[in-house]
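# Architecture at a glance
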Amino acid sequence: MELIFKLNGEEVRLSQVPGEESLLTLLRERLGLTGTKEGCGVGECGACSVLLDGKVVNSCLTAAWQAAGREVTTIEGLAGDEDLHPVQRAFVEAGAVQCGFCTPGMILAAKSLLDQNPDPDEEVIKNALAGNLCRCTGYHDIIRAVRRAGKLLRGETS
Amino acid sequence: MSSFIIARDLPEALEIMGRGEARIIAGGTDLMIHLRQARLSSRQAPPVILDVSRLPELQRLEPGAPRPFVGAGVTFHRLESDPEVARHLPLLAQAASMVGSLQVRQTGTIGGNVANASPAADGMTALTALGARAEIASLKGYRECSIEELVTAPNKTTLAPGEIILGFTVEEAPPAGQVFAKVGRRQAVSVARLNLAISLDPQLGDPRIALGACFPSPRRLRDVEKLIRQGEPGRQLWQAAGQQAAQHFTDVCGWRSSAVYKAPAVTRVTERALERAWQALGGAA
Ligand code: FES
Ligand code: FES
């Protein structure tokens, strides 16, 4: 059986994927997409966050086969050829990146939130990012970045 | 190496389960952790992983029906965001909103919560208070049982090999004074140290209280329910109920070291949850 799904807009077909393999392992080790990070491996840190049909999930807790017929977006799929995605840009501009290990997961969680709710208040942002741990920034600048990303996406600032 | 089968319909799923070597996956939030542990300790993965998350039977969600039904494959996120669930089964909506992170709520399912029987499972405590019954299917047919009969100890259920939980029914729409409360290490994401689910009706004729996480499996506090049935609504009764709940807790668990903080926590959480439930019914505090 072939595992077929859409990854960052393009169809992938893979054979011989074990049933127990996680989506995280598949992305990093089989496909070489190392933007998705492994922190805890048990669903606590959010470093492995990806979008599955637009919703943020922990790829360490998702079996690769659960993606069958669905659409997966990783951090590699966000930027255009030239430009960063507005959420990425906001993180850079707000100084929300230090070591960067949490950043791909944070950005995808933020994107998933902003797609559903373009103008979240601070409580909503905190709740949506509660599953993403950051060891460096103290979160303050991350929350600022998400608010800024909201403004960029709403076209209120450039 | 496990093979992965995405069940197309219920008969196919039951047939595969009937062969006795498949493990069920719904959201994956528990199973993937088990598989990882198995790999780390060089234990074998199950021969077959059966994905039941796309079965329509398990996705059915009818909170407003005369006999409300919640499919086993419904995610916590769906429970916390569906307006009908908020209207008819607010207890379940509240409990679902307190489970894990958004990532976990968007994949984790209420059926998985019960089938894996983690003592800290928030959804399970809410279902217990609602008096919900699990609907279970296998090749042999259907059966129904209460959550307390189904979940007997940490990670232990009376599910037989080959059985699949289809979902949960609530006998009748319970009254609207429903409150879920939880104590954990931090507010977000953390696993519950204790959780409490309460439903009250204006006459206090059918109060239901379930306490979980601090017991091997969630249980109804029937002695506390009786006390409430016989009392006058108000602060005194809520306080007495809180104390009775703590008594029940220490009777079952004894004075272990953690009881030093858990018993007073049970008292206060119960008292406050009753107060909130009564207020939700329009009563004075
Ligand atoms: S690596 Fe997946 S949540 Fe930490
Ligand atoms: S920037 Fe280092 S963990 Fe967040």
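Presented here is a report on the structure given in the accompanying data block. Residue positions are given per chain, counted from 1 along the sequence in the order it is written. For this description, chains carry letters from A and ligands carry numbers from 1, given in the order in which they are written. The predicted origin of the model limits local features to residues at a pLDDT of at least 70 and limits the giving and counting of side-chain atom pairs to 80 or more, whereas totals for whole chains, interfaces and linings rest on all residues. Only heavy atoms go into the side-chain values, all of them from the structure, while hydrogens and water stay out.

### Some remarks on the sheet that holds strand β4 (residues 55-58) of chain A
Residue and element names in this part refer to chain A. What makes two strands pair is DSSP finding at least two bridges between them. Only DSSP runs of H or I with at least four residues qualify as helices, and only runs of E with at least two residues qualify as strands; both kinds are numbered from the N terminus onward. Spatially, β2-β1-β5-β3-β4 is the arrangement adopted by the 5 strands of the open sheet, whose pairing is mixed. Looking along the sheet, the strands with just one partner apiece sit at the ends: β2 (10-15) and β4. Within the sheet, the average angular offset between the axes of one strand and its neighbour, ignoring direction, is 40°. As paired strands, strand β1 (residues 2-7) and β2 are joined by 6 bridges and run antiparallel to one another. Lines are fitted to the C-alpha atoms to define the axes, a helix being fitted only along its stretch in contact, and any angle between axes, read from their N-to-C directions, falls within 0 to 180 degrees.

### Let's talk about the pattern of salt bridges
Residues and elements named next belong to chain A. By definition, a salt bridge exists where a carboxyl oxygen of Asp or Glu is found within 4 Å of a side-chain nitrogen of Lys or Arg. For the structure shown, the criterion picks out 27 salt bridges over all chains. When the shortest N-O distance is used, the salt bridge between arginine 89 and glutamate 93 registers 3.0 Å. Taken as a pair, arginine 89 and glutamate 93 lie in helix α2 (residues 86-93) at a separation of 4 residues, close to a single helical turn. Owing to a relative accessible area of 30%, arginine 89 belongs among the partly exposed residues under this scheme. A residue is classified by how much of its surface remains accessible, and glutamate 93, at 40% relative accessible area, is partly exposed. A salt bridge links aspartate 119 to arginine 154, with the nearest nitrogen and oxygen atoms 3.4 Å apart. Residue burial is assigned from relative accessible area. The probe radius is 1.4 Å, only protein chains are included, and a residue is buried under 20% of its type maximum, exposed over 50%, and partly exposed in between.

### Examining the sheet that holds strand β3 (residues 48-51) of chain B
Working definition: the strands of a sheet are paired by backbone hydrogen bonds and lie parallel or antiparallel to each other. Residue and element names in this part refer to chain B. On the basis of which strands lie adjacent, the open sheet formed by 3 strands has the order β1-β3-β2 and parallel pairing. The outermost strands of the open sheet, each flanked by one partner alone, are β1 (3-6) and β2 (22-25). Direction aside, neighbouring strands of the sheet carry axes that sit 25° apart on average. Here β1 pairs with β3 via 4 bridges, running parallel. Among the inter-strand pairings, isoleucine 6 is bridged to a residue of β3, identified as aspartate 51. Contact definition: two residues touch when any of their heavy atoms are within 4.5 Å. Those strands touched by helix α1 (residues 10-18) are β1, β2 and β3, and its axis lies near 155° from that of β3.

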